[in-house]
Amino acid sequence: MNLEKKIERLTLFLRLDGELDMHTSDLVRQAIDIEIEKRGIRTVILNLQNVQFIDSSGLGVILGRYKKLLSLGGKLKITNVPPNVYKIMELSGLPKIINFYDDETHAYEEGRRA
């Protein structure tokens, strides 16, 4: 799993490349939690464009970060989800509670307009 991080204001853009599974989910959790605690990040935009597979551990880390950010008054937004990964997320019910976007720009701009 490769992670690419970019921070703009209090927003963390995190681009994942690889498989989000039991072997890599802790890495993603730590990457997000460190930025929340160190920089006061309140919005995480998770780009899954290059994720080929996700399992229950990956779903768990996403749901856990969603709950953590929600308790801080923040948001988790998911973008660029490949169809096969979206199907797994849909079966778990994530799209019912987390906002999904076509791309990072739409995710970032939503909520910033007055």
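For the structure, check the block above.
A brief structural summary. (Residues numbered from 1 in each chain as written. Predicted model: local features only at pLDDT ≥ 70, side-chain atom pairs only at ≥ 80, totals over all residues. Heavy atoms only, no water.)

Per the stated rule, a full pass over the model turns up 10 salt bridges. Residues Arg65 and Asp33 are paired through a salt bridge, measuring 2.9 Å at the closest nitrogen-oxygen approach. In this pair, Arg65 sits in helix α2 (residues 56-71) while Asp33 sits in helix α1 (residues 25-39), placing the two residues 32 residues apart along the sequence. A relative accessible area of 11% places Arg65 in the buried class. According to the relative accessible area criterion, Asp33 is buried, its value standing at 9%. (Salt bridge = Lys/Arg side-chain N within 4 Å of Asp/Glu carboxyl O. Helix = DSSP H or I, 4+ residues; strand = E, 2+ residues; numbered from the N terminus. Buried < 20%, exposed > 50% of the residue type's maximum accessible area, 1.4 Å probe, protein only.)

Now for α1. Given a rise of 1.5 Å per residue, 15 residues ought to cover 21 Å, and the 21 Å separating the end C-alpha atoms of α1 matches this to within 8%. In this fold, the buried residues of α1 make contact with β1 (2-8), β2 (11-20), β3 (43-54) and α2. With its phi angle positive at about 70°, Gly40 sits one or two positions after the end of α1. (Expected span 1.5 Å × (residues − 1). Contact = heavy atoms within 4.5 Å.)

A word on the environment of His106. Counting through the fold element by element, His106 comes out in helix α4 (residues 104-109). Taking the C-alpha atoms as reference points, His106 and Thr11, separated by 95 residues in sequence, lie 13 Å from one another.

Quick look at the pairing of β1 now. As defined by bridge partners, β1 adjoins β2 across 7 bridges and the pair is classed as antiparallel. Paired with Asn2 across the strands is Asp17, a residue of β2. (Pairing = 2+ DSSP bridges.)

Among the nonpolar cores identified, the biggest contains 24 residues, and Leu16, Leu20, Leu46, Ile62, Leu76 and Met89 are the most heavily contacted of them. Ignoring any residue separated from it by four or fewer positions in sequence, one finds Leu20 in contact with Met1, Ser25, Val28, Val51, Phe53, Ile54, Asp55, Gly58, Val61 and Ile62. Counting 5 residues, the second largest nonpolar core, distinct from the first, contains Phe13, Ile45, Ala107 and Tyr108. (Core = buried A, V, L, I, M, F, W, Y, C linked by side-chain atoms within 4.5 Å.)

Turning our attention to the side chain of Thr43. Note that Thr43 resides in strand β3. In this structure Thr43 comes out as buried when scored by relative accessible area, which is 17%. If we skip the residues at most four places from it in the chain, Thr43 touches Leu10, Thr11, Leu12, Lys75 and Lys77.

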